[in-house]
Structure formats: structure tokens, C-alpha cells
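Spelled out from the first residue to the last, the chains are:
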Amino acid sequence: MSRRYSTSAVGITAVLALCAAIVAFPRLGDDTGPYGEPAGRVTTLVDGGDLLGVSLTFYVDHLSAVMLLLAAVVGLMVQTYSVAYLAGDARYRSYTTIIQLFLVAMATVVVADNLWMLLVGWEVMGLCSYLLISHHWELAPARAGAVKAFLLTRIGDLGLLVGIFAIGQTFGTYEISEVLTAMASPDAPEGLTAIGLLIVVAVVGKSAQFPLHTWLADAMPGPTPISALIHAATMVAAGVFLVARLYPVLAESAVTMTVLAAIACVTMLLAALLALTSGDLKRVLAWSTVSQLAYMFAALSVGGYDAGIEHLVSHGAFKALLFLVAGSVAHAIGSTALRDMGGLRAAMPWTFVTGTIGFAALAGVVPTVGFFSKDAVLEAAWHAIGHDAPVAPVVAVVVLVVGLVTAAVTVVYAFRAWFMAFVGEGAPVRASVAVHEAPPLMVGPLAVLAAATVLLSVFMPFDLLMGLVTTAIVVAAGWLAWRTTAAGRDPADLLGPARPAFTRELGWDLAYDGAAVAAREAGDVVVATDRDVIGFYPRAAAWVSLAVSRGLARAQTGNAQTYVTVLAVGVLLGTVLVVVR
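Here the structure is a predicted model, which means the values were calculated and not measured.

## Some thoughts on the overall build of the protein
Then step 1. If you tally the helices and strands in the protein, you get 23 helices and 2 strands.
Then step 2. A principal-axis box enclosing the C-alpha atoms of the protein has dimensions of 125 × 65 × 55 Å.
Then step 3. When the 581 residues of the protein are sorted by exposure, 52% land in the buried category.
Then step 4. For the protein, restricting intrachain contacts to residue pairs at least 6 apart in sequence, the fraction spanning at least 24 positions comes to 80%.

## Section: the confidence of the model for the protein
Then step 1. Summarising the model, the protein shows a mean pLDDT of 87, and 94% of its residues fall at 70 or more.
Then step 2. When pLDDT is averaged over each helix and strand of the protein, the minimum, 55, is found for helix H2 (residues 49–52) and the maximum, 95, for helix H12 (residues 254–277).

## A few points about the packing of aromatic side chains
By convention here, two paired aromatic rings are described through the distance between centres and the angle between planes.
Then step 1. Counting across every chain of the model gives 13 aromatic pairs.
Then step 2. Considering the side-chain rings of Tyr-247 and Tyr-305, the 5.7 Å spacing of their centres and the 65° angle between planes classify their relative orientation as edge-to-face. Of this pair, Tyr-247 sits in helix H11 (residues 247–251) while Tyr-305 sits in helix H14 (residues 305–333), and the two are 58 residues apart along the sequence.
Then step 3. According to the relative accessible area criterion, Tyr-247 is buried, its value standing at 0%.
Then step 4. Assessed through its relative accessible area of 9%, Tyr-305 is described here as buried.
Then step 5. Connected via pairs of aromatic rings, a cluster forms that spans Phe-352, Phe-415, Trp-418, Phe-419 and Phe-422.
Then step 6. Against the face of Phe-150 rests Arg-154, its NZ or CZ located 4.3 Å from the ring centre.

## Looking at the side chain of Lys-319
Then step 1. By the element assignment, Lys-319 lies in helix H14.
Then step 2. No salt bridge is formed by the buried Lys-319; the nearest opposite charge belongs to Asp-280, separated by 13 Å.
Then step 3. A distance of 3.0 Å separates the side chain of Lys-319 from the side chain of Thr-289, its partner in a polar contact.
Then step 4. Residues in contact with Lys-319, not counting those within four places in the same chain, are His-231, Leu-285, Ser-288 and Thr-289.

## Topic: the nonpolar core
Then step 1. Membership of the largest hydrophobic core comes to 186 residues, with the highest contact counts inside it found for Leu-160, Trp-215, Leu-229, Leu-242, Phe-359 and Phe-422.
Then step 2. Broken down by element, this core gets its largest block of residues, 17 residues, from H14.
Then step 3. If near-sequence neighbours (up to four positions away) are discounted, Leu-229 is found in contact with Val-74, Gly-75, Val-78, Ile-99, Phe-102, Leu-103 and Thr-234.

## Here we look at the packing of helix H4 (residues 92–111) against helix H10 (residues 236–245)
Then step 1. It is the contact of H4 with H10, at a shortest axis distance of 10 Å, that shows an interaxial angle of 15°. Considering their axes alone, H4 and H10 lie roughly parallel with respect to each other. For the element pair H4 and H10, the recorded crossing hand is left-handed. Across the interface between the two elements, Met-106, Val-109 and Val-110 from H4 touch Ala-237, Ala-238, Phe-241 and Arg-245 from H10.
Then step 2. Tallied by class, the residues present in the contact of H4 with H10 amount to 6 nonpolar, no polar and 1 charged.

## Details of the layout of surface pockets
Then step 1. In this structure, the largest pocket occupies an estimated 920 Å³ of space.
Then step 2. For the lining of the largest pocket, the secondary-structure elements that each account for two or more residues are helix H1 (3–24), strand E2 (56–61), helix H3 (62–85), H10, H14 and helix H18 (440–455).
Then step 3. In terms of residue count, the dominant contributor to the lining of the largest pocket is H3 (8 residues).
Then step 4. Here the residues of the lining of the largest pocket sort into 28 nonpolar, 5 polar and 6 charged.

## Regarding the side chain of His-231
Then step 1. Relative to the helices and strands, His-231 resides in helix H9 (residues 224–232).
Then step 2. By relative accessible area, His-231 is classed as buried at 2%.
Then step 3. When sequence neighbours within four positions are dropped, the list of residues in contact with His-231 reads Leu-216, Met-220, Val-236, Leu-285, Ala-286, Thr-289, His-315, Lys-319 and Phe-323.

## Considerations on the pattern of salt bridges
Then step 1. Counted by the stated rule, this structure contains 9 salt bridges.
Then step 2. For Arg-245, the salt bridge identified is with Asp-61, shortest N-O distance 2.9 Å. Of this pair, Arg-245 sits in helix H10 while Asp-61 sits in strand E2; the two residues are 184 residues apart in sequence, bridging distant segments of the chain. Grouping residues by exposure puts Arg-245 and Asp-61 together as buried.
Then step 3. Linking Asp-493 and Arg-499 is a salt bridge whose minimum nitrogen-to-oxygen distance equals 2.5 Å.

## Comments concerning a nonpolar patch on the surface
Then step 1. Together, Leu-158, Leu-161, Val-162 and Phe-165 make up a nonpolar patch on the protein surface, roughly 350 Å² of accessible area in all.
Then step 2. Among the secondary structure elements, Leu-158 is positioned in helix H6 (residues 140–171).

## So, the state of the cysteines
Then step 1. The tally for this structure, following the rule as stated, stands at 0 disulfides.
Then step 2. Free of any disulfide, Cys-128 has its nearest cysteine sulfur in Cys-19, 18 Å distant.
Then step 3. For Cys-128, a relative accessible area of 0% translates into the label buried.

## Some remarks on empty space enclosed by the protein
The method is simple in principle: a probe with the dimensions of a water molecule rolls over the atoms, and the space it marks as empty is what remains.
Then step 1. For the coordinates displayed, the defined rule picks out 2 cavities of 30 Å³ or more.
Then step 2. Taken as a whole, the largest cavity holds about 50 Å³ of empty space.
Then step 3. Surrounding the largest cavity, Ala-363, Gly-364, Gly-370, Phe-371, Lys-374, Asp-375, Ala-407, Val-411, Thr-470, Ile-473 and Val-474 form its lining.
Then step 4. Contributions of two or more residues to the lining of the largest cavity are made by helix H16 (369–386), helix H17 (393–423) and helix H19 (464–486).
Then step 5. Sort the elements by how many residues they give to the lining of the largest cavity and H16 lands first, with 4 residues.
Then step 6. For the lining of the largest cavity, the residue count by class is 6 nonpolar, 3 polar and 2 charged.
Then step 7. The volume enclosed by the second largest cavity comes to roughly 40 Å³.
Then step 8. Ile-133, Ala-219, Met-220, Gly-222, Pro-223, Ile-226, Ser-227, Ile-230 and His-231 together form the lining of the second largest cavity.
Then step 9. By residue number, the principal contributor to the lining of the second largest cavity is H9, which donates 4 residues.
Then step 10. Considered class by class, the residues forming the lining of the second largest cavity number 6 nonpolar, 3 polar and no charged.

## Brief notes about H14
Then step 1. Between its terminal C-alpha atoms H14 stretches 42 Å, which fits the 42 Å expected from 29 residues at 1.5 Å a residue.
Then step 2. Counting buried residues along H14, 26 of its 29 residues qualify, which places the element largely inside the surrounding structure.
Then step 3. Of the residues flanking the end of H14, it is Gly-334, one or two places downstream, whose phi is positive at about 75°.

Parameters and conventions
Residues numbered from 1 in each chain as written. Predicted model: local features only at pLDDT ≥ 70, side-chain atom pairs only at ≥ 80, totals over all residues. Heavy atoms only, no water. Helix = DSSP H or I, 4+ residues; strand = E, 2+ residues; numbered from the N terminus. Buried < 20%, exposed > 50% of the residue type's maximum accessible area, 1.4 Å probe, protein only. Contact = heavy atoms within 4.5 Å. pLDDT = per-residue confidence, 0-100. Phe/Tyr/Trp six-rings, centres within 6.5 Å; stacked < 30°, edge-to-face > 60°. Lys NZ or Arg CZ within 6 Å of the ring centre and 35° of its normal. Lys, Arg positive; Asp, Glu negative; His and termini not counted. Salt bridge = Lys/Arg side-chain N within 4 Å of Asp/Glu carboxyl O. Polar contact = N/O pair within 3.5 Å; in protein donor to acceptor, adjacent residues only side chain to side chain. Core = buried A, V, L, I, M, F, W, Y, C linked by side-chain atoms within 4.5 Å. Axes fitted to C-alpha atoms, helices over the stretch in contact; angles between N-to-C directions. Parallel < 35°, antiparallel > 145°, perpendicular 65-115°, else oblique. Left-handed = near helix turned anticlockwise from the far one by under 90°. Nonpolar A, V, L, I, M, F, W, Y, C, P; charged D, E, K, R; others polar. 1 Å grid on protein atoms, 1.4 Å probe; cavity = no way out; pocket = protein on both sides within 12 Å on 5 of 7 lines; lining within 4 Å. Points joined across faces, edges and corners; volume = space filled by probe spheres on them. Patch = residues over 30% accessible without salt bridge, like charges linked within 9 Å, V, L, I, M, F, W, Y side chains within 5 Å. Areas by Shrake-Rupley, 256 points an atom, 1.4 Å probe, with all protein chains shown as cover. Disulfide = S-S within 2.5 Å. Expected span 1.5 Å × (residues − 1).

Set out below in C-alpha cells:
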């Protein structure tokens, strides 16, 4: 990799980030609410009209602006970080090009006004994720993880495709701004449950929610900077964005929002428990992403639109930071297994300080941005219990309780990962490795993201009561994790007999395999039924017709004497029969 090319790659990404900032900044002051007339700017480059039916139209509002800035900043940090992280990599050029395409695809999704244009960006992101996860294609886990991610997200994409057709049929348009305008009118369409559920299917696949949650953790063999990009600014964040973009359509149906809340509750707690028992730092962070995305969906399901978006931005900052911290550790010791870490705080002071800030934000410790954004999600659930909300009060109660329990589990697994990486005893297998701090091009992005993780809290709302509750949870769970560690035990042992099952990740992939076998066997039954039952009748009719035609063909010899002889014999037999009777 030449210095000239790496400089060009970072420069092109910086230009893309600058363009995103120019588009985004004027719209940051727009109304943030999802209801009412759309507050944004629509720009049409190509009007498809009745001839084409698909227009090249952009819609930029506050939501688009926030997502653009998030993707631009994280993308630039990842590209800069990768210069040192992938130094000497033979595929660096293709890697940087795909990152740029990834960012353009995400930008297309967030500024698209036409749903078909959004679908194009959505699918290009899926392709880019496949290519980047399989960057080290010579490794079997990388190939398997890329294929798994591609296949499981395609299930969700089918829901989006059918959902777009349903939206066009219902609203008579594929323009998002026109759909939102129709939803703001007094005669807005009703009975949108089917559309809402199709969109939920789409985001469950894209954002790795239960039951399609396993692909994200298996995508970890890809380069660590790519994990930061996928988890923080693109791909999985697109699912949350889609729900927020079409929020009035989904919120019209209590069934849709209840299903979304149920999925979020199951996913947030399940993924947190899986993170608690994982032995690999990147898988801990991956399961953490799945759990935190569920927090965002939970907020949206109970009417906390702003809270969901705020946590999306907050999570983008500290999760990008944590993945780049994991990359720095892997760069130093050649492994992301927690058993190979320990005692890194002295040898890697910058990584230790920035990683501590990131884990504090994940756990929700004051004054990091994670404390404020997570509180906003829980406050939204609390508010939904006694006020009008898209879901019933009992659903809001469940969301609140599960959210609080998950917050406690998050503190424990965040402390466990932080302690095992930076504070615990150094691993014996690392005795021959000269641990060193990351190079400046890797430390720089860490410092920027750590600063953002703290400074973004200035723009976050604060509720005193919920803040006191969550602070008490952080203190109690943190104390429990510390006492367990001080006693020489792994905090994951707090799960007791259930730990082995969660360590095996509940054997969910075996369930996938079983479903695949069942589907294949069902297909064999369908084929056999079609061949041996349904197909029997037309084959039998054809056989009878063919046999009759062959018999008739033998009778048609073309010899007149034969015809006269047969006729005479027939007359004679007829006469005999008449006489005998």
C-alpha cells in the first residue's frame, strides 16, 4: 500500500464527509417530530412521471441530516484508522473503495425520497457488507460469516420489497414525502397493519433483531474498522432509520408497534446475556450492538421518537469508539480473545483511557452520552404508561421493566470486558509479545470519538428521577460485578447453571440448520406430491389417449379389401345375432 494511495483514500472520504456536512447543517434546525406536514426539502433531479414511474428525488430533513453527519464522521474516522490498521494489506485498495461505496449507499438510503431509490441504497449496503466481511476470504469464518449475513438480511429485504409494493398500492405514490403528507391529512389511510409488519420484517433482518439476530456476531471475522462502520453508522443503523422515516405509517397500527416492542424486549435482554458470556471482545461488542439497537426500537415502539434517534447517535459515537479500541488491542497482541488480554492499561494508555470512556458510555455512566440517551429511552417508556402512546400501557410497562433489567446486565458485561482487557492479570500466552500503543493514525480517531462520547451529552435531555434510578442501577450492578471479580470469579458466573447455554449462544444456529433441513424435506414432499399424486392424472389421461390412438392407428391400414372383409364379417355377425335371438 503506497502512502500516496492511502492519502487519496482518506482525502476522497473527507470530501464525501464535507459534502454530507454541507447538505446536513442547514436542516439541523428543522422540526424533529414525526407527525404533521413533512418539515424538509424535496429536490427532484429526474422526474419519472407516468412513463417511468420512478423518480430520482431527494428528501432532506432533520432526521436525514443527523444520519448523514453520523455516517460521515464515523466513515472518515474508520478510513483514517484503516491506513495504519491495514498497512501492508494486499487488498487495501478494494477495501477503501468499498468503504466509500458503503457510505454513498447509506447516504442514498437516508436522503432518498423515492422508495425504490431507497431500496437500491439498501441493497448496495448489503452487497458492501458481504464484500467487507469477507475481506479476508482465505479464512473460512470470514466466508461463512459473509454468506450468513447476506442470506439472513435477504429475508428482511423481501419484506421491504413487498412493503414498497403495498405502500404504492395504498397511497398511490412511492415518494416518502407524499406518503408522510397523506398521513398528516384528516383522511389519512387506515388499516396499515400489513404494511407496518412488512417494514418490521425488513428491519429485523437489517438490524439483526430476534429471530434473525445471529448474523451480526458471526460477521466479526471482517476487519475491525469495518465492524465499527457497520455497527455504528451504516447497515444496522439503517433499520432504525427506516422505522423513524416511516414512523407515522407504522404508528397507525397498534398491532405493528406491539410486535415491534415485543421483538425489542426479547432482543435487548437476550443479546445482553449473550454479551455477558462471550469470550471474545468483538463478539461482546457485537451482541451489545444487537441489544442497544433493540433499545432504539423499544423507544420508537412506545412513542419515543426523539429518544430513539438520540440513542442511535449516541450509540454510533461510543460503539465506533469501542470497536476501534478492540482493533487497537488486536493490532497490539494479535487477538481479540479476552483470555489473551489483561493488564493492557500500562502499555496502551491512550487505548485504555478512550476504551474506559467507551465502556462507561455503554454502561450508562455519568457524564457520558450513553447515560443521557439510555435514560431518554427509559423515560419514554415511563411516559407511555400514563399517556397516549402507540401501544397499550401494559406493553409500556414491560418495555420499561425489561429495559431496566437489561441496563443492569449491560453494566455487568461492560465491566467484565473492560476489566478482563485492561485491568486483570496479563495472559501467559502473551509473554513473548511486545505490547505497544497503537500508532498515531489509530489513536487520533480514538481521541476524536472519545471526545464526542462526552461532548454529545451537552445536547441530550435529562430527567432527574430516571437519572437517579439508572445511576442506582449502575452503582449496584457495578458493585456486584466488582465483588464477583474480586472473589476470583467471572461475572458471567452470576448466570449460574444457565451460563453454558448462553455460552453456546443457545444453539440458535442449530435451530437455523433444523429449519433448513425441515424446509428441504418439505420441498421434497411437495415435489413428490406434485409428481406422484397431482401429476398422475394428466399422465394417465395422456397414456389412455395414446393407447386408444395406437389401436385406432392399427385399424387404419389403407387396404380396401380389409375394410370390405371387416364390414362383411360385421354384417354376418349382426345377422347371426338377430336370427339367434
